[in-house]
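Structure assessment
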Amino acid sequence: MRLLTHNMLSSNIKGVTNGFPLRIEVEKVVEKEVDFNVDFLRNMFAKIEWKALAEASRTMGYSELPDDAESSMLDSDEFLRKFHHALLELHLEEGALVCPETGRKFPVNKGIPNMLLHEDEV
Amino acid sequence: MASRPELQAPPEIFYNDDEARKYTSSSRIIDIQAKLSERALELLALPDDGVPRLLLDIGCGSGLSGETLTDSGHQWIGLDISQSMLDIALEREAEGDLILGDMGQGLGLRPGVIDGAISISAVQWLCNADKSSHEPRLRLKAFFGSLYRCLARGARAVLQVYPENLAQRELILGFAMRAGFSGGVVVDYPHSTKKRKEYLVLTCGPPSLSSATPKGKGEDGDSDSDEDSSGDEENQSVSVSDRHRPRKKQKLNKKVKGREWVLRKKEQMRRKGNAVPLDTKYTARKRKARF
């Protein structure tokens with residue numbers, strides 16, 4: 001699972017008002033190279049919750065991202081490369097996602113987070 | 001013909017390792033899935049500016065439909081309830097991210113982030129109650145509600161469905177409308193039982209010109225081109241008379257079907273989406289006697 005997806009996912013448990021961002025528990029991280037596409041990054045930038053992305057990438061062991069970002073920074077190639085790497089190339093292979101409110105763990109196996117809820121959580 | 005898969009077992013059980021294996025080994029299934037997802041992507045009508053979008057594939061299964069999305073350069077997130085199918089997707093090295101989840105529990109995505117959603121043959125599963133806790137109406141409501149929330153304003157969702165009957169289609173469409181979507185059903189090849197495919201084309205937001213439902217393939221009105229152009233003189237029948245044949249057999253030839261009948265049959269086949277030769281002056285024309 002890439003941090004792009006992590007940035008979109010929120011906890012869906014009944015009664016949880018703020019299920020975002022899910023905390024990451026890391027067991028294994030893999031890096032896969034992905035083609036660099038500036039248009040996609042510019043398009044996505046507005047939709048990304050930057051704080052959550054920076055925080056998540058730090059948990060995954062990549063601390064190059066600045067704490068805050070503005071759209072003016074998108075002109076810098078260096079920034080875009082870092083953004084690209086954090087967003088698309090870092091994969092959480094094994095570990096868990098933890099709901100920030102209830103502490104419920106969603107296990108991640110082989111890169112697939114298991115977001116299935118129990119019957120009493122729907 | 002086996003009965004509908006929805007009636008046999010819940011999706012996470014029906015799509016077991018054996019069933020999932022078919023999605024890598026059967027070229028027929030792969031071909032159908034690819035065609036369906038290409039058409040769904042076409043109906044999604046994303047702006048043609050070469051910018052990759054973030055799409056959602058609901059019921060992504062083995063990632064066959066995601067492959068089509070990857071081929072056109074988009075990033076995607078896939079959701080499926082069957083672990084076996086997702087394992088196959090990993091094996092096929094699907095480019096998108098995969099999530100094990102149940103669409104009937106809601107999608108659990110942040111609001112307004114997805115640029116478009118497709119779903120191939122998945123939504124009709126929601127109409128079945130496979131557990132005592134399942135209530136199809138609540139599951140449909142949760143699904144469409146969360147889909148509406150996570151889509152960006154003006155984004156489209158194209159859901160290819162196999163509704164069991166008219167009531168089921170109404171049910172699905174009704175819940176989509178109640179969630180706030182505008183749009184309708186596009187039916188490709190409505191006259192064919194086999195090739196007929198239904199797509200729910202939903203737009204996030206109020207109805208507008210751009211959200212008008214596109215036309216289906218093989219519908220009435222777009223295939224009868226030059227039918228009435230030919231005169232009546234060619235309206236002969238394909239009858240063969242042979243004086244060496246006994247009289248009894250010759251009689252049968254009198255009831256032979258004429259050009260009109262042939263043209264009508266060809267039109268019927270065309271509407272079903274079959275490949276039919278063009279109508280020419282040779283169509284249903286009588287052969288020369290010395291043939």
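Read on for an overview of the structure.

Calculation rules
Residues numbered from 1 in each chain as written. Chains lettered and ligands numbered in written order. Predicted model: local features only at pLDDT ≥ 70, side-chain atom pairs only at ≥ 80, totals over all residues. Heavy atoms only, no water. Core = buried A, V, L, I, M, F, W, Y, C linked by side-chain atoms within 4.5 Å. Buried < 20%, exposed > 50% of the residue type's maximum accessible area, 1.4 Å probe, protein only. Contact = heavy atoms within 4.5 Å. Helix = DSSP H or I, 4+ residues; strand = E, 2+ residues; numbered from the N terminus. Buried area = accessible area lost by both parts, 1.4 Å probe. Salt bridge = Lys/Arg side-chain N within 4 Å of Asp/Glu carboxyl O. Polar contact = N/O pair within 3.5 Å; in protein donor to acceptor, adjacent residues only side chain to side chain. Pairing = 2+ DSSP bridges.

Examining the nonpolar core
- Within the largest apolar cluster, 81 residues are counted, with the highest numbers of intra-cluster contacts made by Leu97(A), Leu56(B), Phe143(B), Phe144(B) and Leu147(B).
- The contacts of Phe144(B), once residues within four sequence positions are left out, are Val123(B), Leu159(B), Ile172(B), Phe175(B), Ala176(B), Ala179(B), Phe181(B), Leu200(B) and Leu202(B).
- Formed by 20 residues, the second largest nonpolar core is a distinct cluster that contains Leu44(B), Leu69(B), Ile118(B) and Val201(B).

So, the environment of Glu101(A)
Residue and element names in this part refer to chain A.
- Tracing the sequence through the fold places glutamate 101 in the loop between strand S2 (90-98) and strand S3 (105-109).
- Residue glutamate 101 is classed as partly exposed on the basis of its relative accessible area, which comes to 42%.
- Residues glutamate 101 and histidine 91 lie 10 residues apart in sequence; the distance between their C-alpha atoms is 24 Å.
- The contacts of glutamate 101, once residues within four sequence positions are left out, are Gly15, Val16, Thr17 and Asn18.

With respect to unusual backbone geometry
- Here the residue pair Phe20(A) and Pro21(A) is connected by a cis peptide bond, since its omega of -5° sits within 30 degrees of zero.
- The residue Pro21(A) is located in the loop between helix H1 (3-8) and strand S1 (23-31) in this model.
- The backbone of Glu93(B) shows a phi angle near 55°, a positive value even though the residue is not glycine.
- Positionally, Glu93(B) belongs in the loop between helix H6 (83-91) and strand S3 (97-100).
- Since its relative accessible area comes to 65%, Glu93(B) is described here as exposed.
- In this structure, Tyr189(B) takes a positive phi of about 50° despite not being glycine.
- Mapped onto the elements of the fold, Tyr189(B) is located in the loop between strand S6 (181-188) and strand S7 (197-204).
- We classify Tyr189(B) as buried; its relative accessible area is 19%.

Describing the interface of chain B and chain A
- The interface of chain B with chain A comprises 31 residues on the first partner and 31 residues on the second.
- In total, chain B and chain A occlude about 2,500 Å² of area from one another, counting both sides; carbon and sulfur atoms represent 56% of this.
- Considering only the surface of chain B that becomes buried against chain A, Asp97(B), Gln105(B) and Arg110(B) emerge as the three largest contributors, covering 28% of it.
- Viewed at the interface, chain A and chain B are joined by 4 salt bridges.
- Linking chain B to chain A there are 15 residue pairs in polar contact (both at pLDDT 80 or more).

Focus: the sheet that holds S1(A)
All names here are of chain A.
- Within the open sheet, the 4 strands sit side by side as S1-S2-S3-S4. Their pairing is antiparallel. The sheet terminates laterally at S1 and strand S4 (112-113), the two strands that pair on one side only.
- Pairing analysis gives 2 bridges linking S3 to S4, with the strands arranged antiparallel. Residue asparagine 109 lies in a different strand from S4, and its bridge partner there is isoleucine 112.

Examining the side chain of Arg169(B)
- If you trace the backbone, Arg169(B) turns up in helix H8 (residues 166-178).
- For Arg169(B), the side chain forms a polar contact with the side chain of Glu198(B), separated by 2.8 Å.

The values are spatial; any link to function lies outside them.
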